[in-house]
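Close look at the chain arrangement
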Amino acid sequence: MTTPHHPIAIIGGGLGGLTLARVLHVNGVEAAVLDLDASPAARTQGGMLDIHDDSGQPALRAAGLYEEFRALVHTGGEATRVLDRAATVLLDDPDDGTSRRPEIERGQLRDLLLNSLPEGTVRWGAKVTGARPLDGGRHEVTLADGTSFTTDLLIGADGAWSRVRPLLSDARPAYTGISFVEADLPDADLRHPVSAEVVGGGMLMALGAGKGFLGHRETDGSLHIYVALAVPEDEFDGVDFTDTEAAKGYTLGHFADWDKSLRALIGDADGPLTPRRIHALPVGHRWDRVPGVTLLGDAAHLMSPFAGVGANLAMLDAAELGLALAAHPGDAEAALAAYEEKLFPRSEESAADSAASGELMFRDDAPQGILDMFASFG
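These remarks concern the structure in this document. The structure presented is a predicted model; accordingly, all values stated were derived computationally and were not measured.

**Quick notes on the overall build of the protein chain**
Helix and strand counts for the protein chain stand at twelve helices and 16 strands. Here the C-alpha radius of gyration of the protein chain, 21 Å, is about what a compact globule of 378 residues would show, namely 21 Å. Projected onto the principal axes, the alpha-carbon positions of the protein chain cover approximately 65 × 45 × 35 Å. Per-residue burial over the protein chain gives 52% buried out of 378 residues. A total of about 16500 Å² of accessible surface is found on the protein chain, and carbon and sulfur atoms cover 50% of it.

**A look at the packing of aromatic side chains**
Within the structure shown, the criterion is met by ten aromatic pairs. When the ring of Y66 is compared with that of F69, the centres are 5.9 Å apart and the planes differ by 50°; the resulting orientation is tilted. Separated by three residues within a single helix, Y66 and F69 lie in helix α3 (residues 66-70), roughly one turn from each other. When the centroid spacing of 5.3 Å and the interplanar angle of 65° are considered together, the rings of F236 and F241 count as edge-to-face. Judged by its relative accessible area of 5%, F236 falls in the buried class.

How each quantity is defined
Residues numbered from 1 in each chain as written. Predicted model: local features only at pLDDT ≥ 70, side-chain atom pairs only at ≥ 80, totals over all residues. Heavy atoms only, no water. Helix = DSSP H or I, 4+ residues; strand = E, 2+ residues; numbered from the N terminus. Rg over C-alpha atoms; globule rule 2.2 N^0.38 Å. Buried < 20%, exposed > 50% of the residue type's maximum accessible area, 1.4 Å probe, protein only. Areas by Shrake-Rupley, 256 points an atom, 1.4 Å probe, with all protein chains shown as cover. Phe/Tyr/Trp six-rings, centres within 6.5 Å; stacked < 30°, edge-to-face > 60°.

What is shown is where atoms sit, not what they do.
Right under this line is the structure:
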């Protein structure tokens, strides 16, 4: 049998991979996207994203989707509240419509990008297990179903545990010292009015030393809560998260002296709690130019979420890579060199900011650090 060949293969159908495919498409360049999920509906896509005017928004303009994005913006979603462990409101910044970082639900943004691509662009259920270099900058990619394909240009947009990254770098994500427990409270205004009032119309940060509650109001009226805990990497190994009540008891044990309205964000949650360890690549991660392959998004610069830039950077990476390829037809190496020249310093600065923000948010005098940061923004 003849091995299939894709001139450009994008591994990963997240926001970065789809943005790249779309920017290439509008510039007359077609690419194949391979994603391990069985279908677009295989899993939920997470919570709200604020789309920045210096990264995510330019990427959407390059993709020709900016106006469609604006139609999906969550009005009021940029409101921000900061509380202490007694639930005292220390900062209450409403969304007055003037902010430059409008909120959108991640799943809606993913669907916007996905639906903008020609049918068949994304191959679902294609789990990459490895890749190896061939001659002339080409690569062979193997899949979990035993098949393989070749490509002239291989792009790893496949996240934290990228299967493409080993072609370029030996770096692996390391535990940051913070873990999340995620929870949901649907139909909050009706079913969980106390929690709805605590979170407010947009984002909540209730912070203390080494722990806190981070929350968002979703477009469907639900609340998505992240409980942040500074715990050892193996801490969750002893917790049975399939037993929701036991998981709630464990999580609330870290907040015994916190206000009951904050504890209710976990105590009243519907459905199972989801544990998530937060990992990051080394700040300043980069690689030497390798013919025929590059990375974008978390595959290139996985960082903690505490600066809120991960999705925006992935989309900006994708747009700049797509535009570079379109500007250098027939010379992929020139395009990759130009792309990486801008990628490395930008991602290093953002990764450093993310790490610093994580320390700021959970230091001993929290939430004072985050209040000082907002004050510095005016």
